[in-house]
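# Chain and residue survey
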Amino acid sequence: MRSAEEAVRVIRDKLGDNAKVISVRQVGGEGLKRFISSPKLEVIAQVVEENEEVSEVANQIVTKPSINPDPLQDHPKEKVVTDEPSPKNEKVEVKEADENRNDNYKLLSKFGFDSALLSDIRSWANWSKIEQASIAEVLKEITVGLSDRYRSITETICTEKVALLGGPGVGKTTTLCKFLAHEVFMNKNLPSVLKVENGVPNPDDALRIFCEVVGVTLFRESESIPQVDENHPLYLDFPGFGLSEMDEWTGANQVLDDLGVETRILVVNGAYDREIIKRYIHSSQSVNATHIAITHFDEMTNSTKLWPIILNSNLAPVCICNGQNVTGDFSTSVLNQLIAKTFPEELYSKGFASYQRI
Ligand SMILES: Nc1nc2c(ncn2[C@@H]2O[C@H](COP(=O)(O)OP(=O)(O)O)[C@@H](O)[C@H]2O)c(=O)[nH]1
Ligand SMILES: [Mg+2]
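The text that follows walks through the structure, step by step, so that each part is easy to find. (Residues numbered from 1 in each chain as written. Chains lettered and ligands numbered in written order. Predicted model: local features only at pLDDT ≥ 70, side-chain atom pairs only at ≥ 80, totals over all residues.)

## Some points on the overall build of the protein
Heads up, the condition is: Strands are runs of DSSP state E lasting at least 2 residues, helices are runs of H or I lasting at least 4, and numbering of each runs from the N terminus. Three exposure classes are used, all based on how many other C-beta atoms lie within 10 Å of a residue's own C-beta (placed from the backbone): buried at 20 or more, exposed at 12 or fewer, and partly exposed between those limits. Any pair of residues counts as being in contact when their C-beta atoms, constructed from backbone geometry, are within 7 Å of one another.
Scanning the protein from N- to C-terminus turns up 15 helices and ten strands. Residue burial in the protein is summarised as follows: out of 358 residues, 33% are buried. Pairs at least 24 apart in sequence give 74% of the contacts found in the protein among residues at least 6 apart.

## Here's the deal with the sheet that holds strand β10 (residues 330-331)
In any sheet, the strands associate via hydrogen bonds between backbone groups, in a parallel or an antiparallel arrangement. Short version of the rule: Any two strands between which DSSP finds at least two bridges are classified as paired. An axis is simply a line fitted to the C-alpha atoms; with a helix, the fit covers only the stretch in contact. Between two such axes, the angle follows the N-to-C directions and lies from 0 to 180 degrees.
Read from one edge to the other, the open sheet built from eight strands follows the order β5-β4-β6-β3-β7-β8-β9-β10, with strand pairing classed as mixed. Strand pairing shows two members of the sheet lacking a second neighbour, β5 (217-219) and β10, which therefore form its edges. In terms of strand pairing, strand β7 (residues 263-269) meets strand β8 (residues 291-295) through five bridges, oriented parallel. Residue pairing across strands places Asn 269 opposite Thr 295, the latter belonging to β8. Contacts from helix α10 (residues 205-214) reach β4 (192-195), β5 and β6 (234-237), with the element oriented near 145° to β5.

## Remarks on the site of ligand 1
Spelled out, the test is: Being near a molecule or strand means, for a residue, that its C-beta atom, positioned from the backbone, comes within 6 Å of it. Under the convention adopted here, Pro, Cys and the residues Ala, Val, Leu, Ile, Met, Phe, Trp and Tyr are nonpolar, Asp, Glu, Lys and Arg are charged, and Gly plus all remaining residues are polar.
As a matter of local geometry, ligand 1 sits amid 16 residues, with Gly 171, Lys 172, Thr 173, Thr 174 and Cys 321 nearest to it. Counted by class, the shell around ligand 1 contains three nonpolar, ten polar and three charged residues.

## A closer look at the pairing of β6
Side-chain alternation along β6 places Leu 234 and Leu 236 on one buried face and Tyr 235 and Asp 237 on a second face that is also buried. Alignment of strand β3 (residues 161-165) against β6, held across four bridges, turns out to be parallel. Pairing of Lys 161 across the sheet is with Leu 234, part of β6. Pairing analysis gives four bridges linking β4 to β6, with the strands arranged parallel. Looking at β6, one finds that Leu 194 is bridged to Leu 236.

Laid out in structure tokens, this is it:
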């Protein structure tokens, strides 16, 4: 694709008018490569579904209890809301008993809740309670359920030698710089960086400049790295590995074994499609990845897609990256970040409003 406009047109053709482009950026063609290869565009798009209907449904749900004419009626908050355009439809009352079920399921999926997460939640022991609960209850039960499950993931502390690994352009070097800033400014440590090429070119202009700015030495030869200890951690920057280039992953595994690097963080771009992320997680087994870092969280409308990925990856979540700013946009409170982006703002305020009326 030659231009952003062309990219948008191709996406519209492929995904329809509901596709929303969330980022377009030039990949490849850095430094000298610029002269020998034409730049490529990476486009991340999202298919937005029936947004207007979503807010309509939410409005219906919340306003119903307050206009309920019959205060004796059980659980006004369990009113049915279907896809039908007319909420005043008389038949609603009659259908209520049957159609309560799945209501919250429908509501959550309309709000862009990830389908894999929804089917996980459906298998929870308290699903029968959740599916008929008020919005406030739903938010609470799901938040508690997800937090409990998150806390049961075995947490592994990062060791003194940390490698950032993953596909090209996912934000490995940026994340590494965020760790460096954290080490230097927060932990008052003196880290160093080893840049590994291992047959694949790994341009480092930005990394070199950043290291200079924060006073960190950048090494290119593993022979020259100094003593590594708790206060002198080592961060390793790798080139990106292709999804199917298994020799790149296993090659890196060998390098990491030789250097005694235990913490092997798989960096994934959270805005990528779920299947691609899963394939990266799968490939990362060849490099014995131990942790996972999520980048481009700022470009995600919600975090629901990430829950099943994180809960089932067998990798310890280590950080969330929220943008390009290397001295900020970084959080190791992964649980908080995930929770804060699980429900759309709108649903929170609706939930809060309905909670106030109880
Ligand atoms: N919006 C956003 N951009 C990011 C984030 N992390 C990295 N980037 C950008 O993604 C691009 C590729 O990052 P880089 O660290 O060079 O990727 P690498 O090839 O994996 O080392 C750069 O333009 C970064 O500024 C993030 O969390 N959010
Ligand atoms: Mg890089």
